[in-house]
Amino acid sequence: MRGLGCLLALLAVPPALAVAAGGSVTVRVQVPPVAGLTFSRAAPADLTVTTPWGVHAGRWRGGALYAPDPQHYWSRLNAAAVSVPVPPGTPAGTYPVRVNATLYVCDQRAHLCSVRPAQASGSVRVGPGAPGSTVTLGVPSARTF
């Protein structure tokens, strides 16, 4: 089981982006490709985005097919996007965003698969007249089984 990098962790947190109160922010979550790792097409790849305004569910939809076995695996996942409403009257300021995900990851070289949790965080800035925006969080492979 060694050599399989699957526990997902935060790659980079971008600077806080602005959104107007009463609007919405789209939280995008990406999983960069990692050599030898694939994602099951049959297992759900779910995520939740937690903000001060609630918990919002999402799911990865599609990705690049894994050429040796395109029926069963993605070689990488498309970015997942979750729209989060910012309630009218929200005071200006910076607010935390937390992403929790569950992925079914496979090491094609070792022929092993496992359900792996992932977490990432970022922030969104709320202010008068601020345009809608996107917060992008990356979750790469960070350690082995």
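Residues numbered from 1 in each chain as written. Predicted model: local features only at pLDDT ≥ 70, side-chain atom pairs only at ≥ 80, totals over all residues. Heavy atoms only, no water.

1. Some words on the side chain of Thr38
Relative to the elements of secondary structure, Thr38 occurs in strand β4 (residues 37-40). Those residues in contact with Thr38 that lie beyond four places of it in its chain are Tyr66, Tyr73, Trp74, Ser75, Tyr104, Val105, Cys106 and Gln108. (Helix = DSSP H or I, 4+ residues; strand = E, 2+ residues; numbered from the N terminus. Contact = heavy atoms within 4.5 Å.)

2. As for the nonpolar core
One finds Leu47, Val49, Trp60 and Leu103 to be the most contacted residues of the largest nonpolar core, which totals 27 residues. Elements that contribute at least two residues to this core include exactly β3 (24-30), β4, β5 (46-51), β8 (73-77), β9 (80-85), β10 (93-107) and β11 (112-126). The element best represented in this core is β10, accounting for six residues. (Core = buried A, V, L, I, M, F, W, Y, C linked by side-chain atoms within 4.5 Å. Buried < 20%, exposed > 50% of the residue type's maximum accessible area, 1.4 Å probe, protein only.)

3. A few points about the state of the cysteines
In the structure shown here, the tally under the stated rule is one disulfide. Between the sulfur of Cys106 and that of Cys113 lies a disulfide, 2.1 Å long from S to S. When the S-S torsion is 110°, as for the bridge of Cys106 with Cys113, the disulfide is right-handed. Judged by its relative accessible area of 34%, Cys113 falls in the partly exposed class. (Disulfide = S-S within 2.5 Å.)

4. Things to note about the pairing of strand β6 (residues 54-59)
In this sheet, β6 lies alongside β5 in antiparallel orientation, the contact comprising six bridges. Among the inter-strand pairings, Thr48 is bridged to a residue of β6, identified as Ala57. Hairpin connection from β5 to β6: two residues lie between these consecutive antiparallel strands. (Pairing = 2+ DSSP bridges.)

5. Remarks on the packing of aromatic side chains
Taken as a whole and judged by the stated rule, the model has two aromatic pairs. Between Trp53 and Tyr95, the aromatic rings sit 5.2 Å apart at their centres with planes inclined by 55°, giving tilted as the arrangement. Residue Trp53 is found in the loop between β5 and β6, and its partner Tyr95 is found in strand β10; the two are separated by 42 residues along the sequence. For the pair Trp53 and Tyr95, a shared accessibility class is recorded, and that class is buried. Ring centres of Tyr66 and Tyr73 lie 6.2 Å apart, and the angle between their planes is 90°; this geometry places the pair in the edge-to-face category. We note Arg41 situated over the ring of Trp74; from NZ or CZ to the ring centre the distance is 4.4 Å. (Phe/Tyr/Trp six-rings, centres within 6.5 Å; stacked < 30°, edge-to-face > 60°. Lys NZ or Arg CZ within 6 Å of the ring centre and 35° of its normal.)

6. Some thoughts on the confidence of the model for the protein chain
With 73% of its residues at a pLDDT of 70 or more, the protein chain shows a mean pLDDT of 76. Of all the helices and strands in the protein chain, strand β1 (residues 5-8) carries the lowest mean pLDDT, 35, while strand β7 (residues 63-65) carries the highest, 94. Per-residue pLDDT stays below 50 along residues 1-15; that stretch engages in 55 contacts with residues further than four places along the chain or on separate chains. In this model residues 140-145 is a low-confidence stretch, pLDDT under 50, and it forms 26 contacts with partners more than four residues away in sequence or in other chains. (pLDDT = per-residue confidence, 0-100.)

7. Topic: the environment of Ala45
Structurally, Ala45 is set in the loop between β4 and β5. Sequence separation between Ala45 and Gly62 is 17 residues; the distance between their C-alpha atoms is 9.9 Å.

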